Amino acid sequence: MCEILHHDPFAVLLGDDVVENHDGKPAIKQLIDAYNTVQASIVGVQTVADEDVSKYGIVDPAKGENVENKRVKLRSMVEKPKKEEAPSNMAVLGRYVLTPEIFDYLEIQTPGAGGEIQLTDAIKNLMISQSVYAYDFEGIRYDVGDKFGFIKATIEYALEREELKDKLQGYLKELAQSI
C-alpha cells in the first residue's frame, strides 16, 4: 500500500477531464461531501448518450438503488463496454475520492481494456471488500483528451477572459460568416 497516504482517503482528478460549475461547488468538493456522508469510495459520474458509453467506465447501480438520486451504491463497473452491454448510461468522468485500499488492488491488477491497467477494474475489485458509490456531480465537463472537447473548452474559457473575449467573439463571427 502507498506509504504516503497510510489510512486516509484521497482525491483523484484526471487531467483530461475539466469540470466547471460556475454557480455551485466544484465537482471534487461534491464528491468529498458524499464521501463524508457514507465513509466509502466515491466515483464521479454523469449521464452520457448511448453512443458514447464505449468511451468510458460505466457503473452498474446495486439492485434496488434509485438512480434518480445523486448518490447510488454500486454493484459493479465495466470499462468501455459495447453500447448493448452497458449496465447504465452513468459514465465515470475523471473525479474520484478513494480509500487507500485501492492500492492493494492496483498492485495486483492485470491489464484490461486497451491492454492497460484500468483504475475502473481495480475499483470493481475493491467492491468485493467494501462499498463503493457513484455520485452524479453537477457541472459542465469537458473531455480535453478529445480534440473537439479540447477546442470547446478552450473557446469557452477564452470567452470568460476579458482580454480575449472581444477578439474571440469578433473572430468567431467572422468565421461563421465564411462557412
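Residues numbered from 1 in each chain as written. Predicted model: local features only at pLDDT ≥ 70, side-chain atom pairs only at ≥ 80, totals over all residues. Heavy atoms only, no water.

1. Re the pattern of salt bridges
(1) Moving on: Scanning all chains against the criterion turns up eight salt bridges.
(2) Moving on: Here aspartate 33 and lysine 25 are joined by a salt bridge, their closest N and O atoms 2.5 Å apart.
(3) Moving on: Note that glutamate 138 and lysine 70 form a salt bridge whose closest N and O atoms lie 3.8 Å from each other. Taken as a pair, glutamate 138 in the loop between β7 (132-136) and β8 (140-143) and lysine 70 in the loop between β4 (57-61) and β5 (71-79) lie far apart in primary sequence, 68 residues in all.
(4) Moving on: According to the relative accessible area criterion, lysine 70 is partly exposed, its value standing at 32%.
(5) Moving on: Taken together, the salt bridges that share partners define one network made up of Asp17, Arg141 and Asp143. (Salt bridge = Lys/Arg side-chain N within 4 Å of Asp/Glu carboxyl O. Helix = DSSP H or I, 4+ residues; strand = E, 2+ residues; numbered from the N terminus. Buried < 20%, exposed > 50% of the residue type's maximum accessible area, 1.4 Å probe, protein only.)

2. What about the packing of aromatic side chains?
The geometry of an aromatic ring pair is captured by the separation of the ring centres together with the interplanar angle, meaning the angle of the planes.
(1) Moving on: Under the criterion given, the structure shown has two aromatic pairs.
(2) Moving on: Arranged with centres 5.3 Å apart and planes meeting at 20 degrees, the rings of phenylalanine 10 and phenylalanine 103 form a pair that is stacked. In this pair, phenylalanine 10 sits in strand β1 (residues 10-13) while phenylalanine 103 sits in helix α2 (residues 102-108), placing the two residues 93 residues apart along the sequence.
(3) Moving on: According to the relative accessible area criterion, phenylalanine 10 is buried, its value standing at 15%.
(4) Moving on: Just above the ring of tyrosine 133 sits the side chain of arginine 71; from NZ or CZ to the centre is 5.9 Å. (Phe/Tyr/Trp six-rings, centres within 6.5 Å; stacked < 30°, edge-to-face > 60°. Lys NZ or Arg CZ within 6 Å of the ring centre and 35° of its normal.)

3. A look at the pairing of strand β3 (residues 41-47)
(1) Moving on: The element β3 is extensively covered by neighbouring structure, given that six of its seven residues are classed as buried.
(2) Moving on: Bridge count for β3 against β7 is five bridges, and the pairing is parallel. Bridge pairing in β7 links valine 43 to alanine 134.
(3) Moving on: Sheet topology note: the β3/strand β6 (residues 90-98) ladder contains five bridges and is antiparallel. Along β6, the bridge assignment pairs glutamine 46 with alanine 91. (Pairing = 2+ DSSP bridges.)

4. Here's the deal with helix α3 (residues 119-126)
(1) Moving on: Every buried residue belonging to α3 is among Thr120, Asp121, Ala122, Ile123 and Leu126, and all of these are buried.
(2) Moving on: Looking at the buried residues of α3, the elements they touch are β3, β4, β5, β6, α2 and β7. (Contact = heavy atoms within 4.5 Å.)

5. Examining the side chain of glutamine 109
(1) Moving on: Position of glutamine 109 relative to the elements: it lies in the loop between α2 and α3.
(2) Moving on: Only 3.1 Å separates the side chain of glutamine 109 from the side chain of asparagine 125, close enough to count as a polar contact.
(3) Moving on: Beyond its immediate stretch of four places on either side in the chain, glutamine 109 contacts Ile117, Gln118, Asp121, Ala122 and Asn125. (Polar contact = N/O pair within 3.5 Å; in protein donor to acceptor, adjacent residues only side chain to side chain.)

6. Here we look at the nonpolar core
(1) Moving on: By size, the foremost hydrophobic cluster in this structure holds 20 residues, and its most contacted members are Val43, Val59, Leu74, Met77, Ile123 and Ala134.
(2) Moving on: Listed by contribution, the elements that provide at least two residues to this core are β1, β3, β5, β6, α2, α3 and β7.
(3) Moving on: It is β6 that contributes the most residues to this core, four residues altogether.
(4) Moving on: Counting residues in each nonpolar core, the second largest holds 18 residues, with Ile42, Val53, Tyr56 and Phe137 among its members. (Core = buried A, V, L, I, M, F, W, Y, C linked by side-chain atoms within 4.5 Å.)

7. Things to note about unusual backbone geometry
(1) Moving on: Positioned with a positive phi, glutamine 39 is a non-glycine residue whose angle comes to about 55 degrees.
(2) Moving on: Mapping glutamine 39 onto the fold places it in the loop between α1 (27-38) and β3.
(3) Moving on: With phi around 50 degrees, lysine 80 is a residue other than glycine that occupies positive phi space.
(4) Moving on: Mapped onto the secondary structure, lysine 80 falls in the loop between β5 and β6.
(5) Moving on: Taking relative accessible area as the criterion, lysine 80 reaches 41% and is therefore assigned partly exposed.

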